Amino acid sequence: MTFERVAIIGLGLLGGSVGLAVREHLPGVTTTGYDADPATRERAAERGLVGTVCETGAEAVADADLVIFCVPVGAIGAAAREVADAIPAGAVISDVGSSKAAVSQALSEALPSNVVIPAHPVAGTERSGPDAGFSSLFHHRWCILTPPDGADAEAVAKLSAFWEALGAKVETMDAAHHDLVLAVTSHIPHLIAYTIVGTASDLEDVTRSEVIKYSAGGFRDFTRIAASDPTMWRDVFLTNREAVLEMLGRFTEDLTALQRAIRREDGQALFDLFTRTRAIRRSIIEQGQDDARPDFGRSDH
Ligand code: NAP
């Protein structure tokens, strides 16, 4: 048994995908939704992202037994406070935010009488908004639940069953550990992509048209990540500050070691590292987390 009435606050990529996935995989479950942006609400209704698009958050949550906040992590506290008075006492509260310790605290403070079980489906694209969502977004992707100590076990089990029904695999961990793991697997890679694309666009000796023309050399793979939503990523770095700074320190040390290997013409050090990293790519493909086709399956070459 999972939930019967799911309210989704925020109808962009993640909220829209949850709504569409519920419709496809849990047809008996009713969905209501609300987004702060009237244009998004209109588009969400046209696409049928949820059964009922409401004009206020309070209306959307009024009858829910599960409320999922799908707004940028910096907006979750305010979004929760806005609907706090309208949320039924027994409703389970969750979210899809990319950082977990700060979100967990914001939700618990805003909704002290509800069971709060934060979650992060590790699935997404560089697109955002009400046209970006699709029902299979969570298929074969991990969804990490970070229940606080002493969380209601039945609620955790129901939320796990919910995400499994949408096609995800569920893992449970401590919020602080989540933030460290995601700093290295997601947040730092985004920071590196934002940096390299920014650096390339600021160069004086290489023209912007050359950067674009020869991008198939590797640059374009960074541009996909660097095209991700600026609001979402600003909030991720501000709410996962400590873990990101810790991992960034480690990354900077490793980068300096590589710089030294290049300067000293230490080919063996470079070769050894590149051999190790190749094995990681193989494991990701073996575990079904990416496509093995050359060039990420692009057909334009
Ligand atoms: P999105 O497409 O931009 O959708 C977020 C929506 O929430 C926007 O329509 C936004 O409206 C709305 N919103 C903001 N504040 C609100 C409020 N107080 N009440 C109601 N609606 C509000 O973003 P997304 O990619 O779905 O990201 C949503 C969450 O998912 C974030 O916490 C993110 O960290 C997490 N996440 C994202 C990915 C990914 O790859 N994108 C993956 C996993 C998890 P406005 O545009 O008017 O602000």
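Residues numbered from 1 in each chain as written. Predicted model: local features only at pLDDT ≥ 70, side-chain atom pairs only at ≥ 80, totals over all residues. Heavy atoms only, no water.

With that out of the way, let us pick up the overall build of the chain. For the chain, the helix and strand inventory stands at 12 helices and 9 strands. For a compact globule of 301 residues, the expected C-alpha radius of gyration is about 19 Å, and the chain comes in at 21 Å, within 12% of that figure. Seen through its principal axes, the chain has C-alpha atoms that stretch 65 × 40 × 35 Å. Taking all 301 residues of the chain together, 41% fall into the buried category. For the chain, the accessible surface area stands at approximately 16,100 Å², while carbon and sulfur atoms represent 54% of it. (Helix = DSSP H or I, 4+ residues; strand = E, 2+ residues; numbered from the N terminus. Rg over C-alpha atoms; globule rule 2.2 N^0.38 Å. Buried < 20%, exposed > 50% of the residue type's maximum accessible area, 1.4 Å probe, protein only. Areas by Shrake-Rupley, 256 points an atom, 1.4 Å probe, with all protein chains shown as cover.)

Let us now look at the layout of surface pockets. Of the voids in this model, the second largest pocket is the one considered here, and its volume is about 170 Å³. Along the walls of the second largest pocket sit Ala101, Ala176, Asp179, Leu238, Thr239, Asn240, Arg241, Glu242 and Ala243, which together make up its complete lining. Among the secondary structure elements, those contributing two or more residues to the lining of the second largest pocket are helix 7 (175–202), helix 10 (230–239) and helix 11 (241–263). With 3 residues, helix 11 is the largest single contributor of residues to the lining of the second largest pocket. By residue class, the composition of the lining of the second largest pocket is 4 nonpolar, 2 polar and 3 charged. (1 Å grid on protein atoms, 1.4 Å probe; cavity = no way out; pocket = protein on both sides within 12 Å on 5 of 7 lines; lining within 4 Å. Points joined across faces, edges and corners; volume = space filled by probe spheres on them. Nonpolar A, V, L, I, M, F, W, Y, C, P; charged D, E, K, R; others polar.)

Looking at the chain, the domain boundaries give domain 1 (5–173) and domain 2 (177–286). If you average the C-alpha positions of domain 1 and of domain 2, the two centres end up 30 Å apart. Opposite the 16 residues of domain 1 that make contact, domain 2 presents 15 residues. Carbon and sulfur atoms supply 66% of the area that domain 1 and domain 2 bury against each other, a total of about 1,200 Å² over both sides. Along the contact surface separating domain 1 from domain 2 lie 1 salt bridge. Across the pair Arg224 and Glu126 runs a salt bridge whose closest N-O atoms are separated by 3.2 Å. Linking domain 1 with domain 2 are 8 residue pairs in polar contact (both at pLDDT 80 or more). Taken together, the residues of the side of domain 1 that touches domain 2 sort by class into 8 nonpolar, 6 polar and 2 charged. (Domains from an automatic or database assignment. Contact = heavy atoms within 4.5 Å. Buried area = accessible area lost by both parts, 1.4 Å probe. Salt bridge = Lys/Arg side-chain N within 4 Å of Asp/Glu carboxyl O. Polar contact = N/O pair within 3.5 Å; in protein donor to acceptor, adjacent residues only side chain to side chain.)

Moving on to the packing of helix 4 (residues 76–83) against helix 5 (residues 101–110). Taken N-terminus to C-terminus, the directions of helix 4 and helix 5 make an angle of 20°; their axes are 9 Å apart at the nearest point. Classified by the interaxial angle, the pair formed by helix 4 and helix 5 is roughly parallel. Helix 5 is crossed by helix 4, and the crossing has right-handed handedness. In this structure, helix 4 uses Ile76, Gly77, Ala80 and Arg81 to contact helix 5, whose residues at the interface are Val103, Ala106, Leu107 and Ala110. Its residues assigned to classes, the contact of helix 4 with helix 5 shows 6 nonpolar, 1 polar and 1 charged. (Axes fitted to C-alpha atoms, helices over the stretch in contact; angles between N-to-C directions. Parallel < 35°, antiparallel > 145°, perpendicular 65-115°, else oblique. Left-handed = near helix turned anticlockwise from the far one by under 90°.)

Once that is clear, we can look at the side chain of His120. Mapped onto the secondary structure, His120 falls in strand 7 (residues 119–121). In this structure, His120 is in contact with Val96, Gly97, Ser98, Lys100, Trp142, Cys143, Ile144, His178 and Leu182, ignoring residues within four places of it in sequence.

In the region of the ligand, 28 residues are neighbours, and Leu14, Asp35, Val71, Ser98 and Gly129 sit closest. Asp35 has a polar side-chain atom sitting 2.7 Å from an oxygen atom of the ligand. In the model, an oxygen atom of the ligand is placed 3.4 Å from a nitrogen or oxygen of the Thr125 main chain. When isolated, the ligand has an accessible area of 900 Å², and the protein chains bury 83% of it. Broken down by secondary-structure element, the contributors of at least two residues to the shell around the ligand are helix 1 (13–25), helix 4 and strand 7. Its residues assigned to classes, the shell around the ligand shows 15 nonpolar, 10 polar and 3 charged. (Near = heavy atom within 4 Å.)

Summed over the entire model, instances satisfying the criterion amount to 4 aromatic pairs. When the centroid spacing of 6.4 Å and the interplanar angle of 75° are considered together, the rings of Phe3 and Phe162 count as edge-to-face. Remark: Phe162 occurs in helix 6 (residues 153–165) and Phe3 occurs in the segment before strand 1 (5–9); sequence separation between them is 159 residues. We classify Phe3 as buried; its relative accessible area is 3%. Between Phe162 and Trp163, the aromatic rings sit 5.7 Å apart at their centres with planes inclined by 85°, giving edge-to-face as the arrangement. Of the two residues examined, Phe162 and Trp163, each falls in the buried class. (Phe/Tyr/Trp six-rings, centres within 6.5 Å; stacked < 30°, edge-to-face > 60°.)

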